[in-house]
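Spelled out, the chains give:
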Amino acid sequence: MTMTRFPSAAARTAVAAALAEDSSENDITTAWSVPEDLAATAEVLTRQSGVAAGLPVVAEVFAQVDCEVEVEAAVADGARVADGDVLMRLSGPARSLITGERTALNFLQRMSGIATLTDRYVQAVAGTGTGILDTRKTAPGLRALDKYAVTAGGGRNHRIDLAAMPLLKENHIAAAGGVTAAIEAVRRGMARTGRTVEVDVEVQTVAEAAQALDAGARWVMLDNMPLADIEQVVRIRAGRADASPALLEASGAVRLDSVRAVAETGVDLISVGALTHSAPALDLTMLLTAGPVPCPR
């Protein structure tokens, strides 16, 4: 499942938790320093170039803070932005704008940072035909938003959760008694439950990759393999009569400066945990514009 549509339900839950964490209903600084009857306008601006993601979250934040706040997006999620660009314009009670500012920026900066880093990986492998995948290495409680941000940056989602598809990792394989035994066990499980899903099999050696292909695996993850070994597995797949259905995914310690070389081995996919666990936030700010004015009575 690729999350190209904004996950509204997940956003509502995450925003409610974030506002509660911030005690937004008891913002004493704003209540004690900002006149209650002031209205204002504000802009969310970039301080560096990148890819925007998470603009609907800002609307959700202010919908929960104060439904009188009006929010207008100046760009769409997935848009490339430059230093100084306006992402959003807001208007409404000044207290509400200031109270919701940090929560809104926290979401928007994180999601835009993920989209920006993803875009850099996607551009680095452009022309190779290799897709960039995320992982489950997301912030607890923010997985849907993190994975949506990856798609805004041009990446693709791996499984959204443990129920989406089997991913046989080294501990599963060890417990099952080997690559072939693990694959066969999962097939029996599918037969028992009446479900048919993709199965991703993690392997760490060329020999294990060959075992997975011999067992009929249609998705093989090559974990932390040297480039020469990845190339060898690609050749093994090419030499098989049923090569076309088998996807090869490279994973493990892939960096921005090495991802192109990995893609050029001929793998179909590269999964990168750093997209969601190490993306730096995009530097954004929200500033009141034209000064507050009295609210009409």
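Look above for the structure.
My aim in this report is to walk through the structure given alongside it, one point at a time.

1. Some details on the overall build of the chain
Link 1 in the chain: A tally of regular secondary structure across the chain gives eleven helices and twelve strands.
Link 2 in the chain: In terms of principal-axis extent, the alpha carbons of the chain reach across some 75 × 40 × 25 Å.
Link 3 in the chain: Across the 297 residues in the chain, those meeting the buried criterion constitute 47%.
Link 4 in the chain: Restricting to contacts in the chain with at least 6 residues of sequence separation, those with at least 24 account for 74%.
Link 5 in the chain: By element, 51% of the accessible surface of the chain is carried by carbon and sulfur atoms, the whole surface being about 14,100 Å².
Link 6 in the chain: For the chain, the distance from the average position of its 27 positive side-chain charges to the average position of its 36 negative side-chain charges is 7 Å.

2. Looking at unusual backbone geometry
Link 1 in the chain: Even without glycine at this site, asparagine 224 takes up a positive phi of about 55 degrees.
Link 2 in the chain: Here the phi dihedral of alanine 253 falls at roughly 55 degrees; this positive angle occurs in a residue that is not glycine.
Link 3 in the chain: Its place among the elements puts alanine 253 in the loop between strand S10 (247-251) and helix H10 (259-263).
Link 4 in the chain: Look at alanine 253 and you get exposed, because its relative accessible area is 64%.

3. Digging into the pairing of strand S8 (residues 200-203)
Link 1 in the chain: In S8, alternate side chains face the same way, and those of Asp200 and Glu202 on one face and Val201 and Val203 on the other are all buried.
Link 2 in the chain: Sheet analysis places strand S7 (residues 167-168) next to S8, joined by two bridges and oriented parallel. Bridge pairing in S8 places leucine 167 opposite aspartate 200.
Link 3 in the chain: For the crossover from S8 across helix H8 (residues 206-214) to strand S9 (residues 219-223), the handedness is right-handed.

4. Overview of the pairing of S9
Link 1 in the chain: In terms of residue burial, S9 counts as a mostly covered element, since five of its five residues are buried.
Link 2 in the chain: Neither face of S9 is left uncovered, since the one carrying Trp219, Met221 and Asp223 and the one carrying Val220 and Leu222 both have all their residues buried.
Link 3 in the chain: Sheet topology note: the S8/S9 ladder contains three bridges and is parallel. Note that in S9 the partner of valine 203 across the bridge is leucine 222.
Link 4 in the chain: Pairing geometry for S9 and S10, over five bridges, is parallel. Each residue of the ladder has a partner; that of methionine 221, found in S10, is glutamate 249.

5. A closer look at the layout of surface pockets
Link 1 in the chain: In this model, the largest pocket occupies a volume close to 400 Å³.
Link 2 in the chain: Together, 22 residues line the largest pocket, and Thr135, Lys137, Lys169, Ser251 and Ser271 are the ones closest to its centre.
Link 3 in the chain: Within the residue set of the lining of the largest pocket, elements represented by two or more residues are S9, S10 and helix H11 (274-277).
Link 4 in the chain: Partitioning the lining of the largest pocket into residue classes produces six nonpolar, eight polar and eight charged.
Link 5 in the chain: Each pocket or cavity is described by its volume, and for the second largest pocket that value is around 220 Å³.
Link 6 in the chain: What lines the second largest pocket is simply Ala14, Ala17, Ala18, Glu21, Asp22, Thr103, Asn106, Phe107, Arg110 and Leu142.

6. A few points about helix H7 (residues 179-193)
Link 1 in the chain: End to end, H7 covers 21 Å across 15 residues, agreeing with the expected 21 Å (1.5 Å per residue, within 8%).
Link 2 in the chain: Of all the positions in H7, only Val179, Ala182, Ile183, Val186, Gly189 and Met190 are classed as buried. Summarising the axial view, the buried residues of H7 lie within an arc of 120 degrees, below the 170-degree limit, and thus occupy one face. Of the exposed residues in H7, the ones pointing more than 90 degrees away from its buried face are Ala191 and Arg192.
Link 3 in the chain: Taken together, the buried residues of H7 touch S7, helix H6 (170-176), S8 and H8.
Link 4 in the chain: Count one or two residues on from H7 and you reach glycine 194, which has phi positive near 75 degrees.

7. Things to note about the sheet that holds S8
Link 1 in the chain: Within the open sheet, the six strands sit side by side as S6-S11-S10-S9-S8-S7. Their pairing is parallel. Each edge of the open sheet is held by one strand with a lone partner, namely strand S6 (131-133) and S7.
Link 2 in the chain: Contacting S8 and S9, H8 runs over the sheet at an angle of about 155 degrees to S8.
Link 3 in the chain: Against the sheet, helix H9 (residues 227-238) makes contact with S9 and S10, and its axis sits at roughly 175 degrees relative to S10, the strand it touches most.

8. Observations concerning the pattern of salt bridges
Link 1 in the chain: Inspection of every chain in the model, using the stated rule, returns ten salt bridges.
Link 2 in the chain: Of the charged contacts, one joins aspartate 283 and arginine 47 as a salt bridge, the two residues approaching to 4.0 Å between their closest N and O atoms. Of this pair, aspartate 283 sits in the loop between H11 and strand S12 (284-294) while arginine 47 sits in the loop between strand S1 (38-46) and strand S2 (50-51), placing them 236 residues apart in sequence.
Link 3 in the chain: A relative accessible area of 32% places aspartate 283 in the partly exposed class.
Link 4 in the chain: The salt bridge partner of aspartate 257 is arginine 255, with a shortest N-O separation of 3.0 Å.

Calculation notes
- Residues numbered from 1 in each chain as written.
- Predicted model: local features only at pLDDT ≥ 70, side-chain atom pairs only at ≥ 80, totals over all residues.
- Heavy atoms only, no water.
- Helix = DSSP H or I, 4+ residues; strand = E, 2+ residues; numbered from the N terminus.
- Buried < 20%, exposed > 50% of the residue type's maximum accessible area, 1.4 Å probe, protein only.
- Contact = heavy atoms within 4.5 Å.
- Areas by Shrake-Rupley, 256 points an atom, 1.4 Å probe, with all protein chains shown as cover.
- Lys, Arg positive; Asp, Glu negative; His and termini not counted.
- Charge placed at Lys NZ, Arg CZ, Asp CG, Glu CD.
- Pairing = 2+ DSSP bridges.
- Right-handed = clockwise from strand over helix to strand, strands pointing away.
- 1 Å grid on protein atoms, 1.4 Å probe; cavity = no way out; pocket = protein on both sides within 12 Å on 5 of 7 lines; lining within 4 Å.
- Points joined across faces, edges and corners; volume = space filled by probe spheres on them.
- Nonpolar A, V, L, I, M, F, W, Y, C, P; charged D, E, K, R; others polar.
- Expected span 1.5 Å × (residues − 1).
- Arc of directions from axis to C-beta.
- Axes fitted to C-alpha atoms, helices over the stretch in contact; angles between N-to-C directions.
- Salt bridge = Lys/Arg side-chain N within 4 Å of Asp/Glu carboxyl O.

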